[in-house]
Amino acid sequence: MPIQILDSRIYRGPNVWARVPVIQLRVDIGELEDRPTNLIPGFTDELMSLLPSLYNHACSLGRPGGFLERMRDGTWMGHVLEHVALEMQTLAGSDVGRGLTRSTETRGIYNVIYQYVQPDLGMAAGQAATRLLNWLIYRDDPSFSFSAEMERVTRLAERLAYGPSTKALVDEAERRDIPVIRLDPRRSLVQLGYGVHQKRIWATVTSSTSNIAVDLASNKRLTNQLLQNVGIPVPRARTVEDVEEAVAAARAIGYPVVLKPLDGNHGRGVRINLRDEAEVRENFDAAFEESRAGTVVVESYIRGKDYRILVIGGKIVACAERVPAHVVGDGVHTVEELIEITNNDPRRGIGHEKVLTRISIDEAVVALLAKNDLTLTSVPPEGMFVQLRLTGNMSTGGTSIDRTDEIHPDNVEIAEQAAQVIGLDVAGIDMIVEDITQPLKDQGGAICEVNAGPGFRMHTHPTEGPPRDVARPVLDLLFPPGAPTRIPIVAVTGTNGKTTTSRMIAHILKMAGYRVGLTTTDGIYIDGTQILKGDMSGPQSAQMVLQNPTVEYAVLETARGGIIRSGLGFDRCNVAVVTNVTSDHLGLGGIDSLEELARVKAVVPASTFRDGYVVLNADNKWTVEMTNRSRGEVIFFTMDEHNPVVAEHVRARGKAIVLREVRGAEIIYIVDGRRETAVLDVRHIPATFEGRARVNIKNALAAVGAALGSNVTLEAMRNGLRTFTTSFYQTPGRLNLLEVAGYRVVVDYCHNVPGMEELADFVRRMMAGHTIGMLAMPGDRRDEDIINFSAVAAGVFDEVIVREDTNLRGRKPGEVAELIRQTLIANGMAEDKITVVLDELAAAAAALDRAKPEDLVVLIADQPEAVWEAVVQRGTQQWQEVARPRALPF
């Protein structure tokens, strides 16, 4: 059986495998499990003949040739697939090198993980590598061609790659550790930086580029007029709309003339050195068709060489002589053959994808050859310069010679003035002059165009001369020295308490004066306003916040599922918070144990800045063990002031957030070595219900730790905690308490055993005379989890309404409800105290129907908003949402 890809995942940020973006292929190698590479005759030699650069792979041996040694000694095909997928990307131009392969619990099934730059390219390389290996082993496809496979991968890479100008800017941004987000995978629209500090580039047009300046530069008549108004030499010019006007203008200006579209670019439609009326008539349509406005500029022809001067921030940074597309005769080959030979230069590609552009053959080339008494079949003598294009644009196959060190100071001054007159931050000044080393005014030269969004490749990759670092001054312009490029990020993960803790942190930061972007399982909030509803705890939601230009601080709830599926939505965070690691979602997504779950959660603290902070629960052994993987300074929090982990940490001058009993009151303290600071009595935190909601005390401790790591003032911490409630509108589905007609109702999104234990503790502390619970558990949980969940509930509720979620997650209707019912009975609850109502809203109504004054009804909701509305409607005559729970009779 051939090698098969069973499943694939694209990790776009730090993940369980690596801190860089990787692709994971779940691969079945079948009978090859019993046939390592050394047992497949000729395989290694043939693979190396096709991909000799695999010799450079060091593999685990740590030296060139290491992977070859591994193949000769015998390694498995999943491992080979990893290296081939990496090498095919490398040959296509991607800088990748990290990978690993791991066996799974199933014989013959491997997880193949390898780095990528472009996800589509990475997937294509993995698929092509699989086809290659199958062909080498089984010869299963007679039509297979490795060169064709490599060509497909290479062409895809070229389509997806940044153009040379954008790539230069992106590379410089990454060198400076500025976050880069490609806003459109098929174009060069890129965000640099996060949130309020972000800037954007579209090729070399920046978010600082003036729209007026771009419009002026695209209007050649206005450009000439403005430059002429300040005395800068420009060609004499007129604008026309038909051929007769063009002939009249040319006659008035004087031959020879140039025709160009008023609003054209890249040299398209430009016709130069037209020497009489006949040539003007012959070439007018070519210029007219390229003008969006239907207007053509007729201007005097300036003799000289074509120079592009790059001005950034008002200062010249590079100058290049542009040589029109051409070939040089050798006395043997025809012009057409010489063009083909020239296009075989690996530096040439289609459009702007490579540093040089292939020369295309069209009517303009044929016409120019004819003008010089040549055809495509002519054989030019050796050394003859055969010009193929009238202009020196790189986009039509031209080449460049760096002249930065040769340009005369007077010409520098004129070019810089021209850029400032038009108002461009990044400008390409086209100067026509015989000798750039001499003053323009002495040669009758002129500036013929000022370009917005000029290409960089003639400067970064000149055909002759040294390359120029033109990206650096653009980044200096966008981000002056010392300017921030990132907004602070607080990432919150854990099994329980993530959402409430995230909301607490966001509220504290808001009290500190920040405009906060928050992602939670309820939605995305910007400065407290929900802009998107749903489970937004994954990497795509994080990216939405980081792309929002109004956000000053990001608080990102980071759930297990998103980490497993796609990794993190950010590269690093300033503060990581892990609330706890407890039993939930086990048996899902390949996570079968708490140890494996903890490894997933540990991706967050492992992605913290070195000078950041990691807030860990010292009362949970799995989070304590994350200390070894945490990159930032650890801040522990604990409910037990005598916790030995915290005691040792503090002795080592570490920081901790501790709940301490002082004269009968429970007070949150910040402990920093020997210095201790009281923050707040937990009774003054509404969300703790005067200390009865122990879970929210834990969440408050974690939030204080995050606030400390964020350098928030003590006053802001106190104000935030004092004003944070469990109101449905502040924390929907998290211990929302409402009084209806004399009885109390709690709506909560409790969905695992530890959560039920916390909820049961809260219910007992509420000291209600009679308790009614509405219970359910997600269908994708293990039977043992559902049984343990129900057993805890049996010990705290006097009556239970059993329901089911709308999404059964693979279970049969009524299956989970029956398991809950049986467990409740097995744990001593009378059958007549258990009612099964599968529909959630009907179940909520049934629970409320049974309530009497002084009762406590707990509704465990999968749809908290709908359930809350039902409760509110029930109490429309007289109800009061609890803002200060201590005002109620506990």
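Residues numbered from 1 in each chain as written. Predicted model: local features only at pLDDT ≥ 70, side-chain atom pairs only at ≥ 80, totals over all residues. Heavy atoms only, no water.

(A) Main features of the overall build of the protein chain. Across its full length, the protein chain carries 28 helices and 39 strands. Along the longest, intermediate and shortest principal axes, the C-alpha atoms of the protein chain span 105 × 75 × 55 Å. Considering only contacts in the protein chain between residues 6 or more positions apart, those separated by 24 or more positions represent 67%. Accessible area for the protein chain stands at about 36900 Å²; split by element, carbon and sulfur atoms hold 48% of it. Each charge class in the protein chain can be summarised by its mean position, and for the 96 positive and 115 negative side chains these summaries are 4 Å apart. (Helix = DSSP H or I, 4+ residues; strand = E, 2+ residues; numbered from the N terminus. Contact = heavy atoms within 4.5 Å. Areas by Shrake-Rupley, 256 points an atom, 1.4 Å probe, with all protein chains shown as cover. Lys, Arg positive; Asp, Glu negative; His and termini not counted. Charge placed at Lys NZ, Arg CZ, Asp CG, Glu CD.)

(B) A look at the sheet that holds strand β28 (residues 608–617). On the basis of which strands lie adjacent, the open sheet formed by eleven strands has the order β25-β24-β23-β26-β22-β27-β28-β29-β30-β31-β32 and mixed pairing. Whereas interior strands pair on both sides, the edge strands pair on one side only; in this sheet they are β25 (529–533) and β32 (675–681). Strand-to-strand twist in this sheet, taken as the mean axis angle between neighbours without regard to direction, amounts to 20°. Sheet topology places strand β22 (residues 489–493) next to strand β26 (residues 553–557); four bridges connect them, and they run parallel. Considered in β26, the bridge of V492 is made with E557. Against the sheet, helix α21 (residues 644–651) touches β29 (633–638), β30 (655–662) and β31 (665–672), its axis set at about 140° to β29. (Pairing = 2+ DSSP bridges. Axes fitted to C-alpha atoms, helices over the stretch in contact; angles between N-to-C directions.)

(C) The sheet that holds strand β1 (residues 4–11), seen in detail. If you trace the four strands from one edge of the open sheet to the other, you get β1-β2-β4-β3, paired in antiparallel fashion. On the outer flanks of this sheet lie β1 and β3 (99–103), each paired with one strand and no other. Within this sheet the neighbouring strands show an average axis-to-axis angle of 15°, counted without direction. Across seven bridges, strand β2 (residues 22–28) lies against strand β4 (residues 109–115) in antiparallel orientation. Within β4, the position partnered with R26 by the bridge is N111.

(D) Representation of the packing of helix α16 (residues 498–511) against helix α23 (residues 714–722) within the structure. One way to put it is that α16 packs onto α23 with a least axis distance of 8 Å and a crossing angle of 125°. With respect to α23, the axis of α16 lies oblique. Crossing hand, α16 versus α23: right-handed. Contacts from H507, I508 and M511 of α16 reach α23 at A716, M717, N719, G720 and L721. Class assignment of the residues belonging to the contact of α16 with α23 gives a composition of five nonpolar, three polar and no charged. (Parallel < 35°, antiparallel > 145°, perpendicular 65-115°, else oblique. Left-handed = near helix turned anticlockwise from the far one by under 90°. Nonpolar A, V, L, I, M, F, W, Y, C, P; charged D, E, K, R; others polar.)

(E) Structural detail: the packing of aromatic side chains. Taken as a whole, this structure holds six aromatic pairs when the rule is applied. Here the aromatic rings of F728 and Y729 are separated by 5.8 Å at their centres, their planes lie at 90°, and the arrangement is edge-to-face. On the basis of relative accessible area, F728 is assigned to the buried category, the value being 8%. The exposure class of Y729 is exposed, given its relative accessible area of 60%. Every member of this aromatic cluster is reached through a ring pair, and the members are F728, Y729 and W868. In this structure, R660 packs its charged tip against the face of Y669, placed 5.1 Å from the ring centre. (Phe/Tyr/Trp six-rings, centres within 6.5 Å; stacked < 30°, edge-to-face > 60°. Buried < 20%, exposed > 50% of the residue type's maximum accessible area, 1.4 Å probe, protein only. Lys NZ or Arg CZ within 6 Å of the ring centre and 35° of its normal.)

(F) Molecular detail of helix α25 (residues 783–794). Relative to the 16 Å expected for twelve residues at 1.5 Å per residue, α25 spans 16 Å between its end C-alpha atoms, a close match to the ideal helical length. Lining the buried residues of α25 we find α24 (753–766), β35 (771–775), α26 (815–826) and β38 (856–860). (Expected span 1.5 Å × (residues − 1).)

(G) A positive patch on the surface, seen in detail. On the surface, a cluster of positive charge is contributed by R19, R98, R599, R610 and R629. Judged by its relative accessible area of 52%, R19 falls in the exposed class. (Patch = residues over 30% accessible without salt bridge, like charges linked within 9 Å, V, L, I, M, F, W, Y side chains within 5 Å. Salt bridge = Lys/Arg side-chain N within 4 Å of Asp/Glu carboxyl O.)

(H) A look at unusual backbone geometry. Cis geometry is adopted by the peptide bond preceding P256, which originates at Y255 and carries an omega value of -5°. Residue placement: P256 occurs in the loop between α9 (243–253) and β10 (257–261). In this structure, A203 is a non-glycine residue whose phi angle is positive, near 60°. Positionally, A203 belongs in the loop between β7 (199–202) and β8 (205–206). Using a relative accessible area of 25% as the deciding quantity, one classes A203 as partly exposed. Positive phi is not limited to glycine here, since E854 has a value of about 80°.

(I) Region of interest: a negative patch on the surface. On the surface, D592, E595, E596 and E625 cluster together into a patch of negative charge. Within the fold, E596 resides in helix α19 (residues 594–601). E596 gets classed as partly exposed once you look at its relative accessible area, which sits at 30%.

(J) Here's a closer look at the pattern of salt bridges. In this structure the tally under the stated criterion is 62 salt bridges. Among the ionic pairs, R389 bridges to D362, the shortest N-O distance being 2.9 Å. One end of the pair, R389, is in the loop between β18 (385–387) and β19 (399–402); the other, D362, is in the loop between β17 (356–357) and α12 (363–371), and 27 residues separate them in sequence. Take D362: its relative accessible area is 31%, and that puts it in the partly exposed class. We note a salt bridge from R765 to D761, for which the minimum N-O separation is 2.9 Å. Highlighted residues: R765 and D761, both in helix α24, separated by four residues, approximately one helical turn. Judged by relative accessible area, R765 falls into the partly exposed class, the value being 35%. Take D761: its relative accessible area is 22%, and that puts it in the partly exposed class. By sharing partners, the salt bridges in this structure join E172, R175, R176 and D476 into a single network.

(K) Examining the environment of D120 more closely. Along the polypeptide, D120 turns up in helix α4 (residues 119–138). Among all residues touching D120, those that are not within four sequence positions of it are L156, L160 and R186.

(L) Quick look at the side chain of E321. Structurally, E321 is set in strand β14 (residues 315–323). Reaching out from E321, the side chain makes a polar contact with the side chain of R403 at a distance of 2.8 Å. Excluding its chain neighbours within four sequence positions, the residues that come into contact with E321 are K305, D306, Y307, T399, S400, I401 and R403. (Polar contact = N/O pair within 3.5 Å; in protein donor to acceptor, adjacent residues only side chain to side chain.)

(M) Up close: the pairing of β35. With five of its five residues buried, β35 lies for the most part within the structure. Burial along β35 is two-sided: the residues T771, G773 and L775 and I772 and M774 are all buried. Two elements, β35 and β38, share four bridges in a ladder whose sense is parallel. Counterpart to I772 in the pairing with β38 is V857.

(N) Highlighting a nonpolar patch on the surface. On the surface, I531, L532 and M544 cluster together into a nonpolar patch covering about 260 Å² of accessible area. Following the sequence through the fold, L532 ends up in strand β25. Given the relative accessible area of 33%, L532 is considered partly exposed.

None of this, on its own, says anything about what the molecule does.
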